[in-house]
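Chain and residue survey
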Amino acid sequence: MALLGTKSFQNYIGGEWVDAASGETFESVNPANGDTIGIFPRSSSQDVDRAVAAAKAAYEEWRLVPAPKRGELLFRFAQLLADAKDELTELMSREMGKVLAEAGGDVQEAIDMSFYMAGEGRRLVGHTTPSELRDKFNMSVRMPIGVIGVITPWNFPIAIPSWKIAPALICGNTIVFKPATDTPRLGERFVELLDEAGVPKGVVNVVHGGGGEVGDALVRHPDVPVITLTGSRETGVEVMKRAAENLKHIHLELGGKNAIIVMDDADLDLAVEGIVWSAFGTSGQRCTAASRVIVHERLYDALASRVVAAAEGLRLGAGWEEDTDVGPLINRRAVEKVHSYTEIGRDEGAELLTGGETPTGNAFDRGAFYRPTVFGRVEPGMRIAQEEIFGPTTALIPVAGFEEAVRAANGVKYGLSSSIYTRDVNGAFRAMRDLDTGITYINAGTIGAEVHLPFGGTKDTGNGHREAGQAALDVFTEWKSIYVDYSGKLQKAQIDTAE
Ligand code: UN1
């Protein structure tokens, strides 16, 4: 129930703050204590239609603004994000639940991405090449595409919008943005700062509401040629099907079932630190989280006891309290899902080494908390070693050697991130080659991607695209090849072969 005096927020369409056409609303709540963060419009296809019309109209002017000028706006935006970092960090710890240090990292990732993409305004590099004919000039240039539908998750509520919106804008596209319904306040702040930076009316529009209404309407809208989505595999498949009729470009960042391999020559202390950080950071709610640890059997017992001790030493609590190591999950449904996997793991015969329950006590009563959970003696084919749990649960899988470790690591349908701890340089290079993921770490955990390298995965983690780095530009532009014939006569490629 909304508390009296709870602040209400609106959609942002064509430079105006407006309610949903239906007048309906939903609440954003703090996952640590159930407090209301704000009331947001529950929008429908009518609101999406208005936002797309605004974005389509704005595109005609925005695509002609010189890219370095668009870059200046993004530089300003990046600076505004930096100025607002403390406020956004605090808000994120309340609306999404992550601990302050990680919330600060999330905001920093958006600052980095915005500066990086702002600089792209003076690059957006194409190619010039020789022509096969005399007095002819060839080049390829990147062209904007139009209105981009941006659908983002709650787990990186400032960083992930920046991964999509900053490159889309610098390339000259306009945006209809649907933030996750669990973190609408952060999505709204993101857009307020873009507005403050001077982004023209209609260039960025925000429409709040659920995937079933707002997301679906965006995906089906004939005037939205590109959809970029970070979400679950199931949602990704649905989006591709629904968008097929219009042959839209679909950019998908989906699940992960990331493994850390620990070889018998590894630095054990370093590996344990990396495992705990990658498995329980953000309460395991990262696409890149280490939900499997594939460990050489010679190190298995030593590693298991250290990981369990470290997991038990983590302090659960509200994200904004300085001494919290692990915050809540995003909501109670997430707790139920994570707990269902604890039961699945037990039924499959894995050993529950620690966790597997919600903590008790006053501090946790109103929140969505779950204890860091470690399963031991897990077999690679078990469901807890195959399916994305998206919570603070990791599975220790013993193996006899390198080949078996790589086979187990690759034996899942996802391919986002992987890692190996070893001091053997040959093994490290073999792992770089053979681990079938979009990201591989050597002697570091599975999380911690930087904004100027491509981010994304193989197999069911996506559909072959990448965000971040230069690769992001491919999602938000079309290549155009241009031939300039200055010979003053008809020249025929492939036919006038005599030089
Ligand atoms: C995600 O979980 O979707 O590498 C993104 C990392 C972060 C980004 C994670 N920089 O874990």
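These figures come from a predicted structure and were not determined experimentally. (Residues numbered from 1 in each chain as written. Predicted model: local features only at pLDDT ≥ 70, side-chain atom pairs only at ≥ 80, totals over all residues. Heavy atoms only, no water.)

Take the site of the ligand next. Neighbouring residues of the ligand: Glu 109, Asn 155, Phe 156, Ile 160, Trp 163, Arg 286, Cys 287, Thr 288, Ile 447, Gly 448, Ala 449 and Phe 455. A distance of 2.7 Å separates an oxygen atom of the ligand from a polar atom in the backbone of Cys 287. Within the backbone of Gly 448, an N or O atom sits 2.9 Å from an oxygen atom of the ligand. When isolated, the ligand has an accessible area of 320 Å², and the protein chains bury 99% of it. For the shell around the ligand, the per-class residue count stands at 7 nonpolar, 3 polar and 2 charged. The residues that make up the shell around the ligand include at least three from each of domain 1 (11–254 + 462–481) and domain 2 (258–442). (Near = heavy atom within 4 Å. Polar contact = N/O pair within 3.5 Å; in protein donor to acceptor, adjacent residues only side chain to side chain. Areas by Shrake-Rupley, 256 points an atom, 1.4 Å probe, with all protein chains shown as cover. Nonpolar A, V, L, I, M, F, W, Y, C, P; charged D, E, K, R; others polar. Domains from an automatic or database assignment.)

Nonpolar side chains collect at one region of the surface, where Phe 137, Val 484 and Tyr 486 lie side by side and expose about 300 Å² of accessible area between them. Here Phe 137 is to be found in strand β6 (residues 136–144). The partly exposed category is assigned to Phe 137, whose relative accessible area is 38%. (Patch = residues over 30% accessible without salt bridge, like charges linked within 9 Å, V, L, I, M, F, W, Y side chains within 5 Å. Salt bridge = Lys/Arg side-chain N within 4 Å of Asp/Glu carboxyl O. Helix = DSSP H or I, 4+ residues; strand = E, 2+ residues; numbered from the N terminus. Buried < 20%, exposed > 50% of the residue type's maximum accessible area, 1.4 Å probe, protein only.)

Within a regular strand, side chains alternate between the sheet's two faces. Here strand β18 (residues 417–421) lies mainly inside the structure; 5 of its 5 residues are buried. Residues Ser 417, Ser 419 and Tyr 421 point to one face of β18 and Ser 418 and Ile 420 to the other, with burial holding for every one of them. Across 4 bridges, strand β12 (residues 258–262) lies against β18 in parallel orientation. If you follow Ala 259 over to β18, its bridge partner there is Ser 418. (Pairing = 2+ DSSP bridges.)

Turning our eyes to something else, we now look at the pattern of salt bridges. Enumeration over the complete set of coordinates arrives at 25 salt bridges. Here Lys 56 makes a salt bridge to Asp 223, at a shortest N to O gap of 3.6 Å. Pair noted here: Lys 56 is in helix α1 (residues 45–62) and Asp 223 is in the loop between α7 (211–220) and β10 (226–230), with a separation of 167 residues, a long-range link. Of the residues examined, Lys 56 reaches a relative accessible area of 42% and is grouped as partly exposed. For Asp 223, a relative accessible area of 30% translates into the label partly exposed.

Take the packing of helix α2 (residues 67–83) against helix α5 (residues 159–170) next. The description of two helices packed together rests on the angle between their axes and the distance between the axes. At a minimum axis separation of 9 Å, α2 and α5 run at an interaxial angle of 150 degrees. In terms of axis orientation, α2 runs roughly antiparallel to α5. Here α2 contributes Ala 67, Arg 70, Gly 71 and Leu 74 to the contact with α5, which in turn contributes Ala 166, Leu 169 and Ile 170. Looking at the contact of α2 with α5 residue by residue, the classes come out as 5 nonpolar, 1 polar and 1 charged. (Axes fitted to C-alpha atoms, helices over the stretch in contact; angles between N-to-C directions. Parallel < 35°, antiparallel > 145°, perpendicular 65-115°, else oblique. Contact = heavy atoms within 4.5 Å.)

For the rest of this paragraph, the subject is the domain arrangement of the chain. Partitioning the chain into structural domains gives domain 1 (11–254 + 462–481) and domain 2 (258–442). In this complex, domain 1 contributes 23 residues to the contact, which on the side of domain 2 involves 26 residues. On the domain 1 side of the interface with domain 2, the three residues burying the most area are Ala 32, Glu 102 and Trp 154, jointly 24% of the side's total. Here domain 1 is connected to domain 2 by 1 salt bridge. Taking the shortest distance from any N to any O, the salt bridge between Arg 366 and Asp 35 comes out at 3.0 Å. (Buried area = accessible area lost by both parts, 1.4 Å probe.)

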